[in-house]
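# Summary of structural features
The lines below spell out each chain.
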Amino acid sequence: MQGSERSKILIVGGSGYLGTYMVKASIGMGHPTYVYARPITPFTSPSRIESRREIQSLGATLLQGELDEQDKLVVAIKQVDIVISTLAVPQVLEQLKIIDAIKVAGNIKVCTLSSSLTARC
Ligand SMILES: NC(=O)c1ccc[n+]([C@@H]2O[C@H](COP(=O)([O-])OP(=O)(O)OC[C@H]3O[C@@H](n4cnc5c(N)ncnc54)[C@H](OP(=O)(O)O)[C@@H]3O)[C@@H](O)[C@H]2O)c1
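Residues numbered from 1 in each chain as written. Predicted model: local features only at pLDDT ≥ 70, side-chain atom pairs only at ≥ 80, totals over all residues.

Under an unreviewed UniProt entry, the protein chain has the name NmrA-like domain-containing protein and belongs to Escallonia herrerae.

Dropping the structure here:
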């Protein structure tokens, strides 16, 4: 299958520890891979900045925004076929914002979120 025929995957939290592995696996399987991450600030850790550089160098497209910015999240979601969230434990309930954005976008058939929230996609 050609790369252009592969499902496009958005990984929210793809700049994190687990997310970076998911991004590498997605790219390795030939999926056009997008990462939704917060903008870099003076408080962003050097390791997080480095992981962003790494996943971008591998071919991931970085889309910047907050979970509260539904318009940006919807734009990101509309570009893909599959949404995966690897957000950390404190953000488990904040994933409801991803579900809301998926409903607004209306194009997602597969989504996988941390915890049992996936059933609500
Ligand atoms: N680490 C492990 O060994 C391991 C093993 C099994 C399962 N897990 C599970 O995997 C999930 C992720 O863990 P992790 O270790 O990969 O966490 P992590 O390295 O801290 O990554 C967390 C991700 O969440 C984003 N994030 C953090 N705070 C946020 C906020 N307030 N708003 C929006 N985004 C925010 C970060 O993105 P930014 O770049 O925007 O900061 C980052 O990409 C957790 O549910 C954990 O239980 C982890």
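What follows covers the confidence of the model for the protein chain. When pLDDT is averaged along the protein chain, the result is 91; 91% of the residues meet or exceed 70. Of all helices and strands in the protein chain, the one with the weakest mean pLDDT is strand β5 (residues 110-112) (86), whereas helix α3 (residues 70-78) scores best (98). (pLDDT = per-residue confidence, 0-100. Helix = DSSP H or I, 4+ residues; strand = E, 2+ residues; numbered from the N terminus.)

Further remarks concern helix α4 (residues 96-105). Buried within α4 are the following residues: I98, A101 and I102. Viewed along the axis of α4, the buried residues span an arc of 105°, placing them on a single side of the element. (Buried ≥ 20, exposed ≤ 12 C-beta atoms within 10 Å, placed from the backbone. Arc of directions from axis to C-beta.)

Next up on the list: the site of the ligand. Around the ligand sit 16 residues in total, of which S15, G16, Y17, L18 and R38 are the nearest. A per-element tally of the shell around the ligand places helix α1 (residues 17-28) first, with three residues. Broken down by class, the residue content of the shell around the ligand amounts to seven nonpolar, seven polar and two charged. (Near = placed C-beta within 6 Å. Nonpolar A, V, L, I, M, F, W, Y, C, P; charged D, E, K, R; others polar.)

A general feature of soluble globular proteins is that nonpolar side chains tend to end up buried together. The biggest cluster of nonpolar side chains holds 24 residues, and the ones touching the most others in it are L10, I11, Y34, V35, Y36, I77 and V83. In this structure I11 touches G19, M22, V23, S26, T33, V35, I84 and T86, once residues within four positions along its chain are discounted. (Core = buried A, V, L, I, M, F, W, Y, C linked by C-beta atoms within 7 Å. Contact = placed C-beta atoms within 7 Å.)

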